[in-house]
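Commentary on secondary and tertiary structure
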Amino acid sequence: MAYSLTLLAAGTIFLITAVIFYELYAQSVLPRHKFGWHFLVTQTWDPVAGQFGALPFIYGTVVTSMVAMLIAVPQGIGSAIFLSELAPPRISDALTFMIELLAAVPSVLYGLIGFYVLVPILQADLVPVLRGSLGFLPIFQGAFYGVSYFSAGVVLSIMIVPFIISVSREVLMAVPREQREAALALGSTRWQTTWRVVLPFAFKGIMGSIFLALARALGETMAVTMVVGNTPQIKASLLAPGYSIAAVIANEFTEAVGDLYKSSLIELGLVLFTVTFLINGLARLLILATRRGTAA
Amino acid sequence: MRKILALVSILFAIGVSVSTAAVLINGAGATFPNPMYSKWFFEYNKLHPDVQINYQSLGSGAGIQQVTEGTVDFGATDGPMNDDQIKAFRDKRGAGVLHFPTVLGGVVPSYNLPGVTGELNFTPEALAGIFLGKITKWNDPELAKANPGVKLPTSDLLVVHRSDGSGTTYVWVDFLCKVSPEWKKGPGLGTAINWPVGLGGKGNDGVSGLIKQTPYSIGYVELIYAVQNKLPYGKVRNSSGSFVKADLASVTAAANGAAQNMPDDFRVSITNGPGKDVYPIASFTWLLIPEKIQDAGKKKIITDFLTWMLNDGQNLTEALTYAKLPKAVVAKELKAISKIQ
Amino acid sequence: MNAKKAVNFIMFSLTGVCALLTVGILFFILGYMAWRGAASLSWSFFTQLPAPVGEPGGGMANAIVGSGKVLLLATVIGIPIGFLGGVYLNEYAGMTMSFVIRYATDLLNGVPSIVIGIVVWALVVQPMGHYSAMAGGIALGIMMIPISVRSTEEFLHAVPLSLREAAVALGASKWKAIATVVIPAAMRGIITGTMLDFARVAGETAPLLFTALGNSFWSSGYNQPTATLPAMIYTYAISAYDDWHRQAWAAGFVLLALVLTINVIARLVVSRGIHMPRGAA
């Protein structure tokens, strides 16, 4: 009885995902037939001329999400370790409580804070420092107008960090006492215990939180569109303005007139679905390869 | 577990029980007139407490789509429906759709030029050149020509445009198409454009924000946003040769020019119109009302509202920086109301 | 010896820096919202309907109630499905099934909220012929599922084998063991996940614009369009008027306060569970 109930729930989840995929697939018939695979490699997005290509958006989505993850993962895991291992329980609880609240801040407010607070700070302080020290790297060259892949990545990282911290902290705290005590008894420092025993034990849960965070970063719309510059182009520099799939859908869908235009936006949604599919797959393979046996 | 179920049931019961006796009419569409419509529907509700007209700004395209689908009772759009869309409406709903202009708006070239305090003059050629990416420096001859006394900096221009599809963009590029064959052949006319250059800001607020924070930038915004955000904006040369600054009078004047040749369905572009005091980048915004409204109660409410809007409602526009309709257009619309069955 | 201790000190200090940075950002954001919106927080904010620009007073009473309604429905849809799905994954599923369902869950999590809104519009609003709070609840409920599955699964997994074995050794059937021992032991983590989930959808705007639309007045039941806090915040924040901007920030602050309250209440209600021996500190 209980088994069938849970199976039903699991089946529903699969069904919902399948329905969404189906809707995306069915509604994007027009551009798929018209452009075929070219859709994925074309750089032009011209609603007036009816030419649509996904490449700049795919690029932007991947780049902004990568930047966000590179910042948020160490930041999140580091904070989670501090909160679970070092901080006094009451303070840890209270702080985590409030960090989880950050997940409730509406995307548009993150966008506004990002645009009116973060972007000026980046323009005035952070980016000059970055350029001063690492300016020879191609990713930090070119004109900087404030809105850019980098700014979007930073805003995204703030938005996704609560997920990593909250879940990672709980998982770390759930590691049985005996494991830590055994390591300490063998003469490890607390850090060695944490690094060599606790973290590996909590690895699966922490990876889970990272997947959650990545998913949010890939699909975030409002905050990204306010700080990314909304320019469909492909540039090596992180300081250049860019665009992302979710942002362009949010920007253009409600005003899109004409079946080809609308369906091309839907096809972008399908592309994002596929990108998520592939990134998830790659990540899982990576985990399988490094952990051998831990089913992701 | 039982506690939780009880709590949830009670909350549901509360949620379902709050109800009102009033008639609810839903509309969706353009964001530009949202503050105006919210004022109108608020005042109308004060006069008729049993009538609630709920308007939400989802965007002109969404307004057109939703009124065609029938998920809302009326729509609103900054750019008139084209023939294909009207046909689609007729096919789906069995009858036609009517356009009713409500107010007027203007789109202005706004800029951030450190060191320059006066108003700049922009020729249509200058604007087209800037947005095509041909004019890249502030001291370009085309700009200097129109601004003889002003010391223009040598810096590069940064163009800011809209990233989202919008009626504001439509009006702006409608003007550019009329004054620049190169623009017409190139990026063309639409609510979303493949811009040759520039950053994209989301919404009028996004563009205003970018202009404010980025020195040497230039973009286009609705007059109201420029005024409310205290952004400097320039004069544009109209078809009669005068440089006119956008304000309520010059925008209404633009509609006056069009009033003479107003088509019966009110779908007309008034950019670059004739007249000395006319601001050339202005536009109507329309309500989209189905020709045939099944529910007799709703039909009466909508026709009453339209009548009120065209008379008393027009007196409320200027306080919110919207330009009112010229009298000739109002008269024509009042007659058109009878087309609603 | 000293090298070990030095590394210990440095690494933990780094984690402290990370935590400090996060907490700093947190307080900054909260403070910023309070600062920008404080002027609009008054009694009328909580009791009045929205007023047009230029009218004094005006509030978001209908949006607060509307958000409550929509989130209630979302929780009732999303949490049970997610929870049971998580139980299935951890307790019953074999290798292939668990791989497939996990993958599907992660995919669902990655769908942009606006796409969920578009799909629910096509599947619920369009056939019904009008916008409704119910459609909004369905959209947000779907968004709640993945996080609920993930956290249920993670924390069930974290319950030590010894606990399960003990239950079975005492004669419990598989389901009884799960229901009476494993789940309560994992409850703390599951509640954390649920609250995180709730917080996330409480702030979502895009799906609501396509499903619940918005309402300047009170909405009846679940069959009418309804105002919600995120949608109001969005409409006001992108407007040209300072007054509306202030109200948007105030609404953001109120939204957070609401989520915090629900968080506290939920933990109090479920606080009686088996206290898992916690490993840290």
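Since we're looking at a predicted model, the values are computed, not measured. (Residues numbered from 1 in each chain as written. Chains lettered and ligands numbered in written order. Predicted model: local features only at pLDDT ≥ 70, side-chain atom pairs only at ≥ 80, totals over all residues.)

1. A short note on the overall build of chain C
- Assigned secondary structure in chain C consists of 11 helices and zero strands.
- In chain C, the succession of helices and strands from N to C terminus is α-α-α-α-α-α-α-α-α-α-α.
- Counting only C-alpha atoms, chain C reaches 70 × 55 × 30 Å along its principal axes.
- Counting all 281 residues of chain C, 59% fall into the buried class. (Helix = DSSP H or I, 4+ residues; strand = E, 2+ residues; numbered from the N terminus. Buried ≥ 20, exposed ≤ 12 C-beta atoms within 10 Å, placed from the backbone.)

2. Some thoughts on the overall build of chain B
- For chain B, the count of helices and strands is 13 helices and 11 strands.
- Relative to a compact globule of 341 residues, whose C-alpha radius of gyration would be 20 Å, chain B shows 22 Å and is just as compact.
- Seen through its principal axes, chain B has C-alpha atoms that stretch 70 × 60 × 35 Å.
- Expressed as a percentage of its 341 residues, the buried residues of chain B come to 52%.
- Sequence-distant contacts in chain B: of pairs separated by 6 or more residues, those separated by 24 or more amount to 71%. (Rg over C-alpha atoms; globule rule 2.2 N^0.38 Å. Contact = placed C-beta atoms within 7 Å.)

3. Some points on the domain arrangement of chain B
Residues and elements named next belong to chain B.
- Partitioning chain B into domains gives domain 1 (2-105 + 283-339) and domain 2 (106-257).
- Computed from C-alpha coordinates alone, the two centres of domain 1 and domain 2 are separated by 31 Å.
- In this complex, domain 1 contributes 20 residues to the contact, which on the side of domain 2 involves 16 residues.
- Mapped onto the side of domain 1 that touches domain 2, the elements with two or more residues apiece are α3 (60-69), β4 (97-112) and β11 (282-290).
- A per-element tally of the side of domain 1 that touches domain 2 places β11 first, with three residues. (Domains from an automatic or database assignment.)

4. Side note on helix α1 (residues 2-37) of chain C
- The end-to-end C-alpha distance of α1 of chain C, which contains 36 residues, comes to 52 Å, matching closely the 52 Å that a straight helix rising 1.5 Å per residue would cover.
- On the buried face of α1 of chain C, the contacting elements are α4 (55-86), α5 (89-101), α6 (107-134) and α7 (149-173) of chain A together with α11 (242-270) of chain C. (Expected span 1.5 Å × (residues − 1).)

5. Focus: the interface of chain C and chain B
- In this assembly, 31 residues from chain C lie in contact with 35 residues from chain B.
- Listed by contribution, the elements that provide at least two residues to the side of chain C that touches chain B are α3 (61-92) and α5 (113-128) of chain C.
- Residues that form the side of chain C that touches chain B fall into these classes: 18 nonpolar, 12 polar and one charged. (Nonpolar A, V, L, I, M, F, W, Y, C, P; charged D, E, K, R; others polar.)

6. Focus on the sheet that holds strand β10 (residues 243-244) of chain B
Residues and elements named next belong to chain B.
- As summarised here, the arrangement of the three strands in space is β5-β9-β10, forming an open sheet in which the pairing is mixed. Either end of the sheet is taken by a strand with one partner, and the two such strands are β5 (121-122) and β10.
- With two bridges connecting them, β5 and strand β9 (residues 235-237) associate as parallel partners. When the bridges of β9 are listed, Asn-121 appears paired with Lys-235. (Pairing = 2+ DSSP bridges.)

7. Section: the interface of chain C and chain A
- Listed by partner, the interface residues are 85 residues for chain C and 82 residues for chain A.
- Those elements that provide at least two residues to the side of chain C that touches chain A are α1, α3, α4 (95-110), α5, α6 (133-157), α8 (174-202), α10 (229-237) and α11 of chain C.
- For the side of chain C that touches chain A, the class distribution of residues is 58 nonpolar, 20 polar and seven charged.

8. What about the nonpolar core?
- Ranked by internal contacts, the top residues of the largest apolar core, which has 292 residues, are Ile-13, Ile-160, Ile-164, Val-227 and Ile-249 of chain A, Leu-288 of chain B together with Ile-233 of chain C.
- Of all the elements, α7 of chain A adds the most residues to this core, at 17 residues. (Core = buried A, V, L, I, M, F, W, Y, C linked by C-beta atoms within 7 Å.)

9. Side note on the pairing of strand β8 (residues 217-222) of chain B
Residues and elements named next belong to chain B.
- Here β8 lies mainly inside the structure; six of its six residues are buried.
- Note: β4 against β8, six bridges, orientation antiparallel. Bridge pairing in β8 links Pro-109 to Tyr-220.

10. With respect to unusual backbone geometry
Residues and elements named next belong to chain B.
- Despite not being glycine, Lys-230 shows a phi value in the positive range, around 55°.
- Here Lys-230 lies in the loop between α10 (223-228) and β9.
- What makes Lys-230 exposed here is the crowd of 8 C-beta atoms within 10 Å.
- A positive phi angle, close to 65°, is found at Phe-266, a residue other than glycine.
- Of note, Phe-266 is situated in the loop between α11 (248-259) and β11.
- Phe-266 gets classed as partly exposed once you count the C-beta atoms within 10 Å, which come to 18.

11. What about the environment of Leu-102 of chain A?
- With respect to the element layout, Leu-102 of chain A can be found in the loop between α5 and α6.
- Spatially, the C-alpha atom of Leu-102 of chain A lies 36 Å from that of Ala-182 of chain A, the residues being 80 residues apart in sequence.
- Ignoring sequence-local partners within four residues, the contact set of Leu-102 of chain A consists of Pro-162 of chain A together with Leu-26 and Ile-29 of chain C.

12. Observations concerning the sheet that holds strand β6 (residues 158-162) of chain B
Residues and elements named next belong to chain B.
- Taken in spatial order, the eight strands line up as β2-β1-β3-β11-β4-β8-β6-β7 in an open sheet, and their pairing is mixed. What marks the edges here is a single partner per strand, and that holds for β2 (51-57) and β7 (199-201). Averaged over all neighbouring strand pairs, the angle between strand axes comes to 25°, with direction disregarded.
- Two strands pair when backbone bridges link them, and strand β1 (residues 23-29) and β2 are joined in this way by seven bridges, in the parallel orientation. Pairing of Gly-29 across the sheet is with Ser-57, part of β2. (Axes fitted to C-alpha atoms, helices over the stretch in contact; angles between N-to-C directions.)

13. Quick word on the packing of α4 of chain A against α7 of chain A
All names here are of chain A.
- Two numbers describe how α4 lies on α7: the axes approach to 6 Å, and their chain directions differ by 35°. Here the hand of the crossing between α4 and α7 comes out right-handed.
- Class assignment of the residues belonging to the contact of α4 with α7 gives a composition of 21 nonpolar, nine polar and one charged. (Left-handed = near helix turned anticlockwise from the far one by under 90°.)

14. Considering the confidence of the model for chain C
Residues and elements named next belong to chain C.
- Averaged over all residues, the pLDDT of chain C is 87; the fraction at 70 or higher stands at 96%.
- Model confidence for chain C, summarised as mean pLDDT per element, is weakest for α8 at 85 and strongest for α3 at 92.
- Scored below 50 in pLDDT, residues 273-277 shows nine contacts in the model against residues more than four places distant or in partner chains.
- As a predicted assembly, this complex carries a pTM of 0.88 together with an ipTM value of 0.84. (pLDDT = per-residue confidence, 0-100.)

15. Some details on the packing of helix α1 (residues 2-27) of chain A against α3 of chain C
- Remark: α1 of chain A packs on α3 of chain C, axes separated minimally by 7 Å, with the N-to-C direction vectors making an angle of 110°. By the angle between their axes, α1 of chain A is roughly perpendicular relative to α3 of chain C. Seen from above, α1 of chain A lies across α3 of chain C with left-handed handedness. The residues of α3 of chain C that touch α1 of chain A, namely those facing Tyr-3, Leu-5, Thr-6, Leu-7, Ala-9, Ala-10, Thr-12 and Ile-13 of chain A, are Ile-81, Leu-84, Gly-85, Val-87, Tyr-88, Leu-89 and Tyr-92 of chain C. (Parallel < 35°, antiparallel > 145°, perpendicular 65-115°, else oblique.)

16. Side note on the pairing of β6 of chain B
All names here are of chain B.
- Of all five residues that make up β6, five are buried, and the element is covered over most of its length.
- Relative to β8, β6 runs parallel, the two sharing three bridges. Each residue of the ladder has a partner; that of Val-160, found in β8, is Gly-219.

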